[in-house]
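# Observations on chain architecture
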There are 2 protein chains.
Amino acid sequence: MITINVVCVGNLKEKFSLDEQKEYLKRLSAFCKLNIIELKEQNKFDNVSVIKEKEGEDIIKNLSGFSVLCDLKGKMFSSETFAKELEDISMKNSKITFVIGGSYGVSENVKRACNLHISFSSMTFPHNLFRIMLLEQIYRAFTILNGKTYHK
Amino acid sequence: MITINVVCVGNLKEKFSLDEQKEYLKRLSAFCKLNIIELKEQNKFDNVSVIKEKEGEDIIKNLSGFSVLCDLKGKMFSSETFAKELEDISMKNSKITFVIGGSYGVSENVKRACNLHISFSSMTFPHNLFRIMLLEQIYRAFTILNGKTYHK
């Protein structure tokens, strides 16, 4: 069973996000070992570059296997081509790490360190909602690959 | 204050979606009169074309003002250009209707009846999550237009 790590800067505060995350983690447990790795937001610093550098160092320490950065300017996939991409990656890797950056984005070092940059949308979403969108698409990908009816 | 109607086929079943919708409706009440209009899924029919036709008739009855169809193949906007588009539309219209179709999409009649087709993503999302994504982007648009700090 493949291991998928989702590295996120910042934690979930709202109960509805925590409940929705729990639901997707339950559904995903049938297909993969999914770990959420929450890193600290470095908002004690005033300077955006310093915040991105500090958060970036933490992110890089947590990269393992094939790493995928969620990036507004990344490559766009349909749900079907995203599923195919996940399948291709998992042929050669036993671990995939998805990275969701902090409020100010990620450092250049993180961008360089990641193997693939994917974009879910040209629009910016808050990190709590984006985390759910990512978990949902990973779950959807597994249902596509396994020919299962999507559990609504 | 502008009126925004969100016409959706199907209702929210999960408590976390209902709670998140409630949160965005509360925040949006500062900027607009937002109505959620939930239409019945026509899943008593077996034939997809019939479902889309029946749901389409209901949608068309509920279109008013400038109508925006959320469509995988629509025009993509950044959050900033979406905000600008909303501003431009609201200059000439006191009401905007957003349409979220059912599980099988919408009929050709609905496509023709809508003034603008917008795409949030090349990926498919479940209708409950998509409804939250739309409400969040409308809220984000108002914060951008009003120069407010985004309420996280």
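Structure's up top.
Below you will find a few notes about this structure. (Residues numbered from 1 in each chain as written. Chains lettered and ligands numbered in written order. Predicted model: local features only at pLDDT ≥ 70, side-chain atom pairs only at ≥ 80, totals over all residues. Heavy atoms only, no water.)

### Looking at the nonpolar core
Within the largest apolar cluster, 72 residues are counted, with the highest numbers of intra-cluster contacts made by Phe98(A), Ile138(A), Phe98(B) and Ile138(B). Beyond its immediate chain neighbours, meaning those up to four positions away, Ile138(B) contacts Ile4(B), Leu28(B), Leu34(B), Phe82(B), Leu86(B) and Phe98(B). One finds Leu63(B), Val106(B), Val110(B) and Cys114(B) within the second-largest nonpolar core, a separate group that totals 10 residues. (Core = buried A, V, L, I, M, F, W, Y, C linked by side-chain atoms within 4.5 Å. Buried < 20%, exposed > 50% of the residue type's maximum accessible area, 1.4 Å probe, protein only. Contact = heavy atoms within 4.5 Å.)

### Quick word on the sheet that holds strand β5 (residues 116-119) of chain B
Residues and elements named next belong to chain B. Strand order in this open sheet of 5 strands is β2-β1-β4-β3-β5, and the pairing throughout is parallel. In this open sheet, the two edge strands, each paired with only one partner strand, are β2 (33-39) and β5. Looking at each pair of strands side by side, their axes are set apart by 30° on average, direction ignored. Relative to strand β4 (residues 95-100), strand β3 (residues 66-76) is paired through 4 bridges, and the arrangement is parallel. When the sheet's bridge partners are listed, Ser-67 is paired in β4 with Thr-97. (Pairing = 2+ DSSP bridges. Helix = DSSP H or I, 4+ residues; strand = E, 2+ residues; numbered from the N terminus. Axes fitted to C-alpha atoms, helices over the stretch in contact; angles between N-to-C directions.)

### Focus: empty space enclosed by the protein
Take a probe with the size of a water molecule and roll it over the atoms, and the empty space left behind shows itself. Residue and element names in this part refer to chain B. Under the criterion given, the structure shown has 1 cavity of 30 Å³ or more. One number sums up the size of the largest cavity: a volume of about 30 Å³. Around the largest cavity, the lining residues are Val-68, Phe-82, Glu-85, Leu-86, Ile-89, Phe-98, Leu-116 and Ile-118. By residue number, the principal contributor to the lining of the largest cavity is helix α3 (residues 79-92), which donates 4 residues. When grouped by side-chain class, the residues that make up the lining of the largest cavity number 7 nonpolar, no polar and 1 charged. (1 Å grid on protein atoms, 1.4 Å probe; cavity = no way out; pocket = protein on both sides within 12 Å on 5 of 7 lines; lining within 4 Å. Points joined across faces, edges and corners; volume = space filled by probe spheres on them. Nonpolar A, V, L, I, M, F, W, Y, C, P; charged D, E, K, R; others polar.)

### So, the relation of the copies chain A and chain B
The transform that puts chain A on chain B rotates by 180° and translates by 0.0 Å along the axis, for an RMSD of 0.0 Å. What the rotation and shift describe, once combined, is the action of a two-fold rotation axis. Of the interface residues in chain A, 100% have counterparts in chain B that sit at the interface too, so the contact is made through matching surfaces. (Least-squares fit on C-alpha atoms with pLDDT ≥ 70 in both.)

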